[in-house]
Amino acid sequence: MVFLNAVAVALAHPAPAEVVARQDLDPVTTAVTHAFGGWSDKPFVLVVLISFTACLMASQGGAARGLYSLARDDVFPFSRQIRKVNRHRAPIGGLVAAAVVSCAALPLGLSTSAIGSLITFGGAATFVPFFVLTLVALTARLRGRWTPAGAVRYGRLGTPLNLLAVLWTGFEVVNICWPRAVLSPAGAPWYQIWAAPLGVGTVTLTGLGYLLARRPDRRMGEADRDLPLTEEFAPAVV
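Thresholds, definitions, all that
- Residues numbered from 1 in each chain as written.
- Predicted model: local features only at pLDDT ≥ 70, side-chain atom pairs only at ≥ 80, totals over all residues.
- Heavy atoms only, no water.
- Helix = DSSP H or I, 4+ residues; strand = E, 2+ residues; numbered from the N terminus.
- Buried < 20%, exposed > 50% of the residue type's maximum accessible area, 1.4 Å probe, protein only.
- Contact = heavy atoms within 4.5 Å.
- Phe/Tyr/Trp six-rings, centres within 6.5 Å; stacked < 30°, edge-to-face > 60°.
- Polar contact = N/O pair within 3.5 Å; in protein donor to acceptor, adjacent residues only side chain to side chain.
- Arc of directions from axis to C-beta.
- Salt bridge = Lys/Arg side-chain N within 4 Å of Asp/Glu carboxyl O.
- Axes fitted to C-alpha atoms, helices over the stretch in contact; angles between N-to-C directions.
- Parallel < 35°, antiparallel > 145°, perpendicular 65-115°, else oblique.
- Left-handed = near helix turned anticlockwise from the far one by under 90°.
- Nonpolar A, V, L, I, M, F, W, Y, C, P; charged D, E, K, R; others polar.
- Patch = residues over 30% accessible without salt bridge, like charges linked within 9 Å, V, L, I, M, F, W, Y side chains within 5 Å.
- Areas by Shrake-Rupley, 256 points an atom, 1.4 Å probe, with all protein chains shown as cover.

Right, let's talk about the overall build of the protein for a bit. Across its full length, the protein holds eleven helices and zero strands. Mapped from its N terminus to its C terminus, the protein presents α and β elements in the order α-α-α-α-α-α-α-α-α-α-α. Each of the 238 residues in the protein was classed as buried or not, and the buried ones make up 24%. Intrachain contacts of the protein at a sequence separation of at least 6 include 56% that bridge at least 24 residues.

Encoded structure:
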């Protein structure tokens, strides 16, 4: 989808050479206003804002469910607070935790010219969990410990498809995290250019440190047997 969008922008842009030469840092807006006229810039910004809001809600919902699942098994820091649900059984604790963690990237976007760094940070945070999940699934397959419980089966194609998913998501993580000065304002400090690798590295090292120090994986197998199925530990709704 990203590749097709890039091709569409390249075909619609009035001067693709300016994009290649980094003279036009916002080629999408240029392509839109060239095709529809100058009046379309404000409606286009509105469409982009709505799209970003939808992506934000989807990402926050997914992150909240992941945080809630870990906290429900009591293997996550501040599990008692994060696994709280409201009267609608929505994981309000996970939603708040996801919002708080996401705000860590806001200092990168206090300047409107640094919006590229902020978007890159968010894009990296979206792809890293997918890469980790596909890698864990592939490891379980190769060790012969993969026991899918769902109705969907891929048979012999399962492992090749899983490997393809690992390669693709890994490529996306490297591609997004690769520091690019073009996405930052002129004369930007180094931490804006390296925003994505710094953020991903910090989160990854913190998670690995917690995993090695507390070994929460040893408790996950016992959590389902020990925890009562009360309203707090019942499946949440997002």
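After that view, the rundown keeps rolling.
With that settled, the discussion passes to the packing of aromatic side chains. According to the stated counting rule, one finds one aromatic pair in the structure shown. Consider the rings of W168 and F171, whose centres lie 5.6 Å apart with planes at 40 degrees: the pair is tilted. A residue pair is termed a helical-turn pair when its members lie 3 or 4 positions apart in one helix, as W168 and F171 do in helix α8 (residues 158-177) at three residues. Given the relative accessible area of 51%, W168 is considered exposed. For F171, a relative accessible area of 46% gives the class partly exposed.

Position of N162 relative to the elements: it lies in helix α8. Within the local environment of N162, its side chain forms a polar contact with the backbone nitrogen of L138, the two atoms lying 3.2 Å apart. Apart from residues no more than four positions distant in its own chain, N162 is found in contact with T134, A137, L138 and R141.

Mapped onto the fold, Y68 is located in helix α4 (residues 41-72). Overall, Y68 belongs to the buried group, its relative accessible area being 3%. The spatial distance from the C-alpha of Y68 to the C-alpha of R83 is 5.1 Å, given a sequence separation of 15 residues.

With that out of the way, let us pick up helix α6 (residues 92-102). Those residues of α6 lying buried are G93, G94, A97 and A98. An end-on view of α6 places all buried positions within 130 degrees of arc, on one side of the element. On its buried face, α6 is in contact with α4 and α5 (79-82).

Let us look at the pattern of salt bridges. Throughout the structure, instances matching the rule amount to one salt bridge. Here K42 and D41 are joined by a salt bridge, their closest N and O atoms 3.6 Å apart. Exposure remark for K42: the relative accessible area of 60% places this residue in the exposed category.

Before going further, it helps to examine the packing of α4 against α6. At a minimum axis distance of 8 Å, the contact between α4 and α6 shows a crossing angle of 120 degrees. Overall, the two elements α4 and α6 adopt an arrangement that is oblique. Between α4 and α6 the crossing geometry is right-handed. Across from Q60, A63, A64 and L67 in α4, the residues of α6 making contact are G94, L95, A97, A98 and A99. For the contact of α4 with α6, a count of residues per class yields seven nonpolar, two polar and no charged.

In this model, R89 sits at a positive phi of 65 degrees, which is unusual for a non-glycine residue. Here R89 lies in the loop between α5 and α6.

Together, V152, Y154, L157, L161 and L164 make up an exposed nonpolar region whose accessible area comes to about 530 Å². Mapped onto the elements of the fold, L157 is located in the loop between α7 (115-142) and α8. Note on L157: relative accessible area 55%, which makes it exposed.

Let us look at the environment of V45. Counting through the fold element by element, V45 comes out in helix α4. For V45 and T29, which are 16 residues apart along the polypeptide, the C-alpha to C-alpha distance reads 8.5 Å.

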